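So the chains spell out like this:
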Amino acid sequence: MKQVSKLKRASKLKQVLSIWLWFIGSLFFLFSFFILAFCMFLFPQKTTFKIVRFLFNILIRLMGIKLVVKGKEYIQPNKPYLIMGNHQSLFDIFVVPAAIPICFVGVEAAYHFSLPVWGYLIRKWGCIPIERNNLKKAVLSLETAKKTLLSGMNIGILPEGHRTLTGKLGSFKKGPFYLAKGAQADILPFGINGLFNYHQKGSFLLTPGTVKLNIGRPMPYESYQELSVEQLRQITFDRIYNLSR
């Protein structure tokens, strides 16, 4: 009985802690929104991105995430990358910009653009909507992404397409690899470990702890230009799998 009582008490404490973290995080996110909306009108995108990183680092700390980043030395700041990694949690959208020190726009599910606050931010930032269930629109989105890469702007994309439900790395969509080959882009892989334990899809519970983000060595276009899309997808999957362990 004592063991059951302890478990119930621990469960209630976790619920209370989660509610508090969501409350604090939501308040700070709204505060950040007004700052970023203001900055987007005043400063160049790269300057605003530095402010984004600063604010998101504070946000995730307030919400109980201790972020550890390795591999930043592999990044060449003036070289455009197609940034790819695993999708563990809703909080990827805050952790990835906080961890990776180069300005980028994201390829996001189209419905994200209709979300309050967040939808405005990503639309204003220049993120690219993609319709997962509409092939023609998805192809147009990839063409837009290709032009963005060729213009010199980095793009972030999560090739699983959806958050993991099990904590394991899911299969990758083909679209990002058609994009990589079409734009002749260097791929910058990364792997996140710990965010699935922090927050899982469908739950409001949060478990504060350490989150690791490992940045891998870039994959230059010349190293994969002779590979098929399937081969490139598998190689990238293996790289990200190893980085996320």
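Residues numbered from 1 in each chain as written. Predicted model: local features only at pLDDT ≥ 70, side-chain atom pairs only at ≥ 80, totals over all residues. Heavy atoms only, no water.

Enquirer: I'd love a proper account of the overall build of the protein, names of residues and values included.
Expert: The helix and strand inventory of the protein stands at nine helices and seven strands. The globule rule puts the C-alpha radius of gyration for 245 residues at 18 Å, and the 19 Å found for the protein is close to it. With respect to the principal axes defined by its C-alpha atoms, the protein has extents near 65 × 40 × 40 Å. Counting only residues that meet the buried cut, the protein has 45% of its 245 residues in that class. Carbon and sulfur atoms form 60% of the exposed surface of the protein, whose accessible area is close to 13400 Å². The average position of the 32 basic charges and that of the 11 acidic charges among the side chains of the protein differ by 14 Å. (Helix = DSSP H or I, 4+ residues; strand = E, 2+ residues; numbered from the N terminus. Rg over C-alpha atoms; globule rule 2.2 N^0.38 Å. Buried < 20%, exposed > 50% of the residue type's maximum accessible area, 1.4 Å probe, protein only. Areas by Shrake-Rupley, 256 points an atom, 1.4 Å probe, with all protein chains shown as cover. Lys, Arg positive; Asp, Glu negative; His and termini not counted. Charge placed at Lys NZ, Arg CZ, Asp CG, Glu CD.)

Enquirer: Residues and numbers for helix α3 (residues 92–99), please.
Expert: For α3, a buried count of seven out of eight residues is recorded, marking the element as mostly surrounded by other parts of the structure. Looking at α3, one finds that the buried residues are Asp-92, Phe-94, Val-95, Val-96, Pro-97, Ala-98 and Ala-99.

Enquirer: Describe the pattern of salt bridges, and please don't skip the residues or the numbers.
Expert: Counted according to the given criterion, the structure contains three salt bridges. Notably, a salt bridge pairs Lys-174 with Glu-230, separated by 3.1 Å at the nearest N-O pair. With a gap of 56 residues between them, Lys-174 in the loop between β5 (154–157) and α6 (175–183) and Glu-230 in helix α9 (residues 229–243) connect regions that are remote in the sequence. Given the relative accessible area of 37%, Glu-230 is considered partly exposed. Salt bridges here are not isolated pairs; linked through shared partners, they connect Lys-174, Glu-230 and Arg-233. (Salt bridge = Lys/Arg side-chain N within 4 Å of Asp/Glu carboxyl O.)

Enquirer: So what's going on with the sheet that holds strand β2 (residues 81–85)? Which residues, and what values?
Expert: Strands sit in the order β1-β7-β6-β2-β5-β3-β4 across an open sheet of seven strands; the sheet is mixed. A strand with exactly one partner marks an edge of an open sheet, and here the two such strands are β1 (65–70) and β4 (128–130). Pairs of neighbouring strands in the sheet enclose a mean axial angle of 25°, with direction left out of account. (Pairing = 2+ DSSP bridges. Axes fitted to C-alpha atoms, helices over the stretch in contact; angles between N-to-C directions.)

Enquirer: Before we move on, can you summarise the packing of aromatic side chains with the specific residues and values?
Expert: Any pair of aromatic rings gets described here by the distance separating the centres and the angle formed by the planes. Tallied over the full model, the rule gives 16 aromatic pairs. Centroid distance Phe-56 to Phe-94: 5.1 Å. Interplanar angle 85°. Geometry classified as edge-to-face. Taken together, the residues Phe-56 in helix α2 (residues 45–62) and Phe-94 in helix α3 connect sequence positions 38 residues apart. You can call Phe-56 buried: its relative accessible area is 5%. A relative accessible area of 9% places Phe-94 in the buried class. An angle of 15° between the planes, with centres 6.1 Å apart, marks the rings of Phe-172 and Phe-177 as stacked. Each member of the pair, Phe-172 as well as Phe-177, carries the same accessibility label: buried. Through a chain of ring-to-ring contacts, three or more aromatic side chains come together here, namely Trp-22, Phe-29, Phe-56, Phe-91, Phe-94, Trp-118 and Tyr-198. (Phe/Tyr/Trp six-rings, centres within 6.5 Å; stacked < 30°, edge-to-face > 60°.)

Enquirer: Which residues make up the nonpolar core, and what values do they have?
Expert: Membership of the largest hydrophobic core comes to 69 residues, with the highest contact counts inside it found for Leu-82, Ile-83, Phe-94, Ile-100, Ile-155, Leu-195 and Leu-213. Once residues within four sequence positions are removed from consideration, Leu-195 is found in contact with Ile-65, Gln-88, Ser-89, Phe-91, Asp-92, Val-95 and Val-211. (Core = buried A, V, L, I, M, F, W, Y, C linked by side-chain atoms within 4.5 Å. Contact = heavy atoms within 4.5 Å.)

Enquirer: Summarise the environment of Phe-177; cite the residues concerned and give the values.
Expert: By secondary structure assignment, the location of Phe-177 is in helix α6. By relative accessible area, Phe-177 is classed as buried at 0%. With 51 residues separating them along the chain, Phe-177 and Ser-228 place their C-alpha atoms 9.2 Å apart. If near-sequence neighbours (up to four positions away) are discounted, Phe-177 is found in contact with Met-84, Pro-159, Phe-172, Val-229, Leu-232, Arg-233 and Thr-236.

Enquirer: I'd like to hear about helix α4 (residues 118–125), residue by residue, with values.
Expert: Within α4 the residues assigned to the buried category are Trp-118, Gly-119, Leu-121, Ile-122 and Trp-125. Buried residues of α4, viewed axially, fall in a sector of 165°; they line one side. Phi for Gly-126, located one or two positions after α4, is positive at around 105°. (Arc of directions from axis to C-beta.)

Geometric descriptors of this kind do not, in isolation, establish any biological role.
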